[in-house]
Amino acid sequence: MKQDQTFRREGYLEENYHYFHLRDTAGQERDYHFHDFDKIVLLLAGRVDYAVENVSYALRPWDILLVKHHTIHKAIIDRAVPYERIILYLDGSYFDRLLPEAHLTDCFETADRSGEYRLVPDEEQRRALEKTLLRFEAAAKDTDFGAETLRDTYILQLLVLIGRMNAAPRLEEQRFDPKIRRALSLINENLGKELSVDALAEQVFLSRYHFMRLFKAQTGSTVHAYVRQKRLLYAARLIREGSPANAAAEAAGFSDYSAFHRAFRSSFGISPGQLKK
């Protein structure tokens with residue numbers, strides 16, 4: 001990994017979805033990373049803090065996290081207790097094509113826009129989730145006629161149940177320093193503008209040195225690496241929406257297209273032109 005290249009693309013999804021039910025005492029703790037697919041995390045047991053973009057959650061059993069594709073996140077796991085969770089990788093475009101009027105993946109867009117990534121099911125919702133998950137896991141062992149279709153229906157049911165939940169309000173347990181939360185918001189809102197360390201530090205009333213140290217301690221990333229990755233993600237979104245690559249690069253704050261092209265390929269493994277195709 002190159003110096004300062006803190007965020008990495010992790011995992012590949014060659015199916016419409018992939019379901020994991022994991023139990024262990026260690027977990028698979030990664031540094032800050034992102035995926036090309038949507039991801040649902042449901043904690044069943046254990047103690048884990050999840051940082052998603054500029055929000056941190058101390059998860060409780062049956063809390064759900066919605067992690068949209070290209071959203072930066074990290075799990076911090078307490079290895080002293082057993083850790084059990086369900087992870088679901090989703091190709092959102094498949095479900096949008098399958099049932100376009102159902103808007104089954106809108107929950108990820110809502111979480112991304114609002115910055116509220118956690119859902120906390122009530123008791124009735126929890127029972128419905130548990131029933132659906134148990135049925136899916138039983139169907140996963142089924143080899144009879146229609147077993148695959150049956151599994152698909154349970155995933156659809158799961159998405160419907162999640163889509164009916166409201167985001168949980170933010171709690172004091174979120175552990176980002178208010179000044180760093182403010183800096184992260186400033187970055188997200190001004191990706192096409194000047195975002196120097198000095199300018200950000202001044203906006204949050206910290207010295208340059210203290211701001212850089214606190215930012216790295218809170219996010220695990222340097223300011224430069226975080227800003228660059230957010231700009232790359234924003235440019236990738238614009239390209240996916242139809243913008244020419246050079247216009248997307250400029251809108252995301254890159255003044256040198258060749259440098260943008262190199263950083264884009266290094267981060268995503270493909271060129272901007274390949275993404276557009």
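Look a little higher up for the structure.
Conventions and cut-offs
Residues numbered from 1 in each chain as written. Predicted model: local features only at pLDDT ≥ 70, side-chain atom pairs only at ≥ 80, totals over all residues. Heavy atoms only, no water. Helix = DSSP H or I, 4+ residues; strand = E, 2+ residues; numbered from the N terminus. Contact = heavy atoms within 4.5 Å. Areas by Shrake-Rupley, 256 points an atom, 1.4 Å probe, with all protein chains shown as cover. 1 Å grid on protein atoms, 1.4 Å probe; cavity = no way out; pocket = protein on both sides within 12 Å on 5 of 7 lines; lining within 4 Å. Points joined across faces, edges and corners; volume = space filled by probe spheres on them. Nonpolar A, V, L, I, M, F, W, Y, C, P; charged D, E, K, R; others polar. Phe/Tyr/Trp six-rings, centres within 6.5 Å; stacked < 30°, edge-to-face > 60°. Polar contact = N/O pair within 3.5 Å; in protein donor to acceptor, adjacent residues only side chain to side chain. Axes fitted to C-alpha atoms, helices over the stretch in contact; angles between N-to-C directions. Parallel < 35°, antiparallel > 145°, perpendicular 65-115°, else oblique. Core = buried A, V, L, I, M, F, W, Y, C linked by side-chain atoms within 4.5 Å. Buried < 20%, exposed > 50% of the residue type's maximum accessible area, 1.4 Å probe, protein only. Pairing = 2+ DSSP bridges.

Asker: I tried to follow the overall build of the chain on my own but got confused; where do I start?
Answerer: A tally of regular secondary structure across the chain gives 11 helices and 10 strands. Across the chain, the fraction of contacts at a sequence separation of at least 24, relative to all contacts at a separation of at least 6, is 75%. Of the roughly 14,500 Å² of accessible surface on the chain, 49% is carried by carbon and sulfur atoms.

Asker: Where do I start with the layout of surface pockets in this structure?
Answerer: Regions of empty space are outlined by a rolling probe, equal in size to a water molecule, passed over the atoms. Roughly 1,100 Å³ of volume is contained in the largest pocket. What lines the largest pocket is a set of 36 residues, among which Lys68, His69, Thr71, Asp112 and Arg237 lie closest to the centre. Those elements giving two or more residues to the lining of the largest pocket turn out to be helix 1 (92–98), helix 2 (106–114), helix 5 (178–189) and helix 8 (223–240). Looking at which element gives the most residues to the lining of the largest pocket, the answer is helix 2, with six residues. By residue class, the composition of the lining of the largest pocket is eight nonpolar, 11 polar and 17 charged.

Asker: Looking at this model, I keep getting lost on the packing of aromatic side chains. Mind explaining?
Answerer: Aromatic rings considered in pairs are described by the distance between their centres and by the relative angle of their planes. Within this structure, the stated rule accounts for 11 aromatic pairs. Taken together, the ring pairs in this structure connect Tyr17, Tyr19, Tyr94, Phe95 and Phe136 into an aromatic cluster.

Asker: Before we go on, may I ask you to explain the side chain of His73 in this structure?
Answerer: Within the element layout of this structure, His73 appears in strand 8 (residues 73–77). A polar side-chain atom of His73 sits 2.9 Å from the main-chain carbonyl oxygen of Thr71.

Asker: Looking at this structure, I do not really get the packing of helix 8 against helix 10 (residues 257–268). What am I missing?
Answerer: Between two packed helices, the angle of one axis relative to the other and the distance separating the axes together describe the packing. It is the contact of helix 8 with helix 10, at a shortest axis distance of 10 Å, that shows an interaxial angle of 90°. Here helix 8 lies roughly perpendicular to helix 10, going by the angle between them. The segment helix 8 lies against helix 10, with Gln229, Leu232, Leu233, Ala235, Ala236 and Ile239 engaging Phe260, Ala263, Phe264, Ser267 and Phe268. A class-by-class count of the residues in the contact of helix 8 with helix 10 yields nine nonpolar, two polar and no charged.

Asker: Honestly, the nonpolar core in this entry has me stumped. Any pointers?
Answerer: Side chains of a nonpolar character, in soluble globular proteins, are inclined to be buried together. Formed by 46 residues in total, the largest nonpolar core has its most connected members in Ile40, Tyr50, Ile64, Leu66 and Leu90. Element by element, the count of residues in this core is highest for helix 4 (residues 147–163), at seven residues. Ignoring anything within four residues of it in the chain, the contact list for Leu90 reads Leu13, Asn16, Tyr17, Phe37, Asp38, Ile40, Phe95, Phe108, Ile155 and Leu159. Ranked by size, the runner-up nonpolar core spans 38 residues in total, among them Ala183, Ala201, Phe254 and Phe260.

Asker: Sorry if this is basic, but what is going on with the sheet that holds strand 7 (residues 64–67) here?
Answerer: Taking strand neighbours across the sheet as the criterion, the five strands line up as 2-9-4-7-10 in an open arrangement whose pairing is antiparallel. Here the strands that pair on one side only, and so sit at the sheet edges, are strand 2 (17–24) and strand 10 (118–119). As paired strands, strand 2 and strand 9 (residues 83–90) are joined by eight bridges and run antiparallel to one another. Bridge pairing in strand 9 places Leu22 opposite Arg85. Together, strand 4 (38–45), strand 7 and strand 9 form the strand contacts of helix 2, whose direction differs from that of strand 7 by roughly 85°. Against the sheet, helix 4 contacts strand 2, strand 4, strand 7, strand 9 and strand 10, and its axis sits at roughly 100° relative to strand 9.

Asker: Just to check I follow, could you spell out the pairing of strand 7 for this structure?
Answerer: The side chains of a regular strand alternate, residue by residue, between the two faces of the sheet. Burial of the side chains of strand 7 extends over both faces: Ile64 and Leu66 are buried on one face and Leu65 and Val67 on the other. Bridge analysis of strand 4 against strand 7 gives four bridges, and the strand direction is antiparallel. Each bridged residue has a counterpart across the sheet, and for Leu42 the counterpart in strand 7 is Ile64. Of the pairings in the sheet, the one linking strand 7 to strand 10 comprises two bridges and is antiparallel in character. The partner of Leu65 across the bridge, within strand 10, is Arg118.

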